[in-house]
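Structural description and commentary
Here are the chains, one letter per residue:
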Amino acid sequence: MSALHAALRQFPVLDDCLHLGGITLTRLAERVGRTPFYAYERCHIQSRVALLRDLLPPSLQVHYAVKANPMPALVQMLAQLVDGFDVASGGELKTALDAGMAPARISFAGPGKSNAELRSAVAAGVLLHLESEGEMLRVARVGESLGITPRVAVRVNPEFELKYAGMKMAGGARQFGVDAERVPAMLRKLGGLALDFQGFHLFCGAQNLSASAICEAQRLCVDLALQLAEAAPAPMRLLNIGGGFGVPYFPGEKALELPAVAEGLHGLMRTLASASPQTQLVLELGRYLVAEGGVYVCRVLERKLSHGQVFVITDGGLHHHLAASGNFGQVIRKNYPVAVGNRMAAGPREVATVVGPLCTPLDMLADSMELARVEPGDYVVVFQSGAYGLTASPTAFLSHPPPLEVLV
Ligand SMILES: *Cc1c(COP(=O)(O)O)cnc(C)c1O
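Because the structure is a prediction, the values reported are computed rather than measured.

**Regarding the overall build of the protein chain**
Counting its secondary structure elements, the protein chain contains eleven helices and 19 strands. Against the compact-globule benchmark of 22 Å for 408 residues, the protein chain has a radius of gyration of 23 Å, which places it among compact chains. Once the C-alpha set of the protein chain is aligned to its principal axes, its extents read approximately 70 × 40 × 35 Å. Counting all 408 residues of the protein chain, 56% fall into the buried class.

Quick look at the structure:
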């Protein structure tokens with residue numbers, strides 16, 4: 001059994017499918033050649049998608065939100081597994097197209113799209129999620145200048161919000177989408193423009209572990225979309241109800257009950273089939289597909305004592321993994337699951353604080369955590385690191401080289 005396999009047993013939140021291609025952590029680190037690095041496991045991501053396919057209604061489309069992890073090799077792999085991609089910038093659009101995803105299966109959301117981004121999106125033929133009346137007019141102008149009728153959906157900011165979401169993205173005043181009450185008037189204007197109306201997009205929030213809260217939000221989304229569709233200039237062909245499926249990061253958090261969410265979705269599909277049979281329902285997931293299939297690995301440089309506290313100083317830190325340091329929007333800092341990857345067998349243990357090389361006390365990967373007693377050269381592994389890792393981190397801070405990324 002690999003050291004990593006053993007490590008996984010410590011964390012009941014982790015699927016034991018993550019064995020990094022079946023080789024030990026030390027062997028993998030030798031192959032990668034230097035630390036720090038991120039490793040993402042194909043097998044884990046494949047089995048996550050297979051689980052969703054097993055439980056969810058077959059005609060429900062599953063999209064991947066590229067911003068969760070835009071590593072090109074990983075996006076290429078997912079292009080073969082999911083029904084579409086959601087992108088949030090011109091750069092992600094390029095990654096999605098390069099991965100071979102058909103433009104008709106790509107949608108582009110985001111509150112601030114530049115004219116250049118709109119132009120390349122319209123030229124490519126992807127679906128644009130309109131986030132304001134102003135953006136609608138800009139898209140229409142771009143379409144006119146290119147001689148193409150842009151495909152558009154209206155992103156709606158509903159009145160309700162997603163209960164228990166780690167990050168709320170709807171309800172009340174928001175920079176995302178168009179307030180639900182303004183949508184009917186916007187749709188009337190849309191009907192007079194050279195735009196191909198496809199449907200609606202609603203995204204209420206992210207990192208939710210409550211199946212009942214997700215089911216309730218999805219029901220409300222479908223109800224609202226059916227109501228708004230009455231004012232639409234064309235039938236609602238697409239309805240993207242977001243995702244928000246969370247993954248457990250911290251002690252005490254329980255994995256989302258996917259069967260309960262799936263049951264709710266089966267019911268919604270039936271509602272939609274009778275109320276609006278031409279509507280294709282889309283779910284967009286980011287971290288749920290990739291977070292648990294990734295680890296961040298760094299190496300111990302020093303072990304030192306200060307006022308009786310053990311500090312493990314590594315070559316990795318918040319410049320590569322802001323989320324694990326607790327500074328990516330977290331209100332209360334909690335430790336991600338961390339282990340010493342080459343010392344999983346029984347041996348001396350101690351409470352230590354794992355920090356990085358940066359000159360700020362924020363650069364901390366584990367605060368007073370029980371770990372195997374380390375020596376310089378050991379490998380510290382941060383689990384649950386496949387989403388919002390490298391590209392959600394301030395890599396330029398302190399001018400260290402960026403970490404490597406491997407798909408194994
Ligand atoms: C970020 C984002 C997602 C993905 O969120 P996860 O928490 O990673 O699932 C999905 N849809 C939209 C519109 C987003 O902005």
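**Side note on the confidence of the model for the protein chain**
Taken over all residues, the pLDDT of the protein chain has a mean of 92, while the share at 70 or more is 95%. Note on residues 1-6: pLDDT under 50 across the span, and 14 contacts to partners over four residues away in sequence or across chains. Low pLDDT, under 50, characterises residues 9-18; the stretch is placed with 31 contacts to residues that sit more than four places away or in other chains.

**Here's the deal with unusual backbone geometry**
Of note, the bond from threonine 35 into proline 36 is cis; its omega dihedral lies within 30 degrees of zero at -10°. By the element assignment, proline 36 lies in the loop between helix H2 (25-32) and strand S1 (37-40). Despite not being glycine, serine 368 shows a phi value in the positive range, around 45°. Positionally, serine 368 belongs in strand S17 (residues 364-372).

**Focus: the side chain of serine 325**
Checked against the element boundaries, serine 325 lands in the loop between strand S14 (309-314) and strand S15 (338-340). Each residue touching serine 325, except ones within four places of it in the same chain, is listed here: Leu318, Arg333, Leu362 and Met364.

**A few points about the packing of aromatic side chains**
Scanning all chains against the criterion turns up nine aromatic pairs. When the ring of tyrosine 38 is compared with that of tyrosine 40, the centres are 6.0 Å apart and the planes differ by 25°; the resulting orientation is stacked. The exposure classification of tyrosine 38 matches that of tyrosine 40, with both residues buried. Measuring from centroid to centroid gives 6.1 Å for tyrosine 64 and phenylalanine 85, while their planes differ by 70°, and the two rings are edge-to-face. Taken together, the residues span a long stretch of sequence, with tyrosine 64 in strand S2 (residues 61-65) and phenylalanine 85 in strand S3 (residues 84-87) at a distance of 21 residues. Like tyrosine 64, the residue phenylalanine 85 is buried in the burial classification. Against the face of tyrosine 288 rests arginine 48, its NZ or CZ located 4.3 Å from the ring centre. Its guanidinium or amino end placed over the ring of phenylalanine 108, lysine 113 lies 5.7 Å from that ring's centre, counting from NZ or CZ.

The rules behind each value
Residues numbered from 1 in each chain as written. Predicted model: local features only at pLDDT ≥ 70, side-chain atom pairs only at ≥ 80, totals over all residues. Heavy atoms only, no water. Helix = DSSP H or I, 4+ residues; strand = E, 2+ residues; numbered from the N terminus. Rg over C-alpha atoms; globule rule 2.2 N^0.38 Å. Buried < 20%, exposed > 50% of the residue type's maximum accessible area, 1.4 Å probe, protein only. pLDDT = per-residue confidence, 0-100. Contact = heavy atoms within 4.5 Å. Phe/Tyr/Trp six-rings, centres within 6.5 Å; stacked < 30°, edge-to-face > 60°. Lys NZ or Arg CZ within 6 Å of the ring centre and 35° of its normal.

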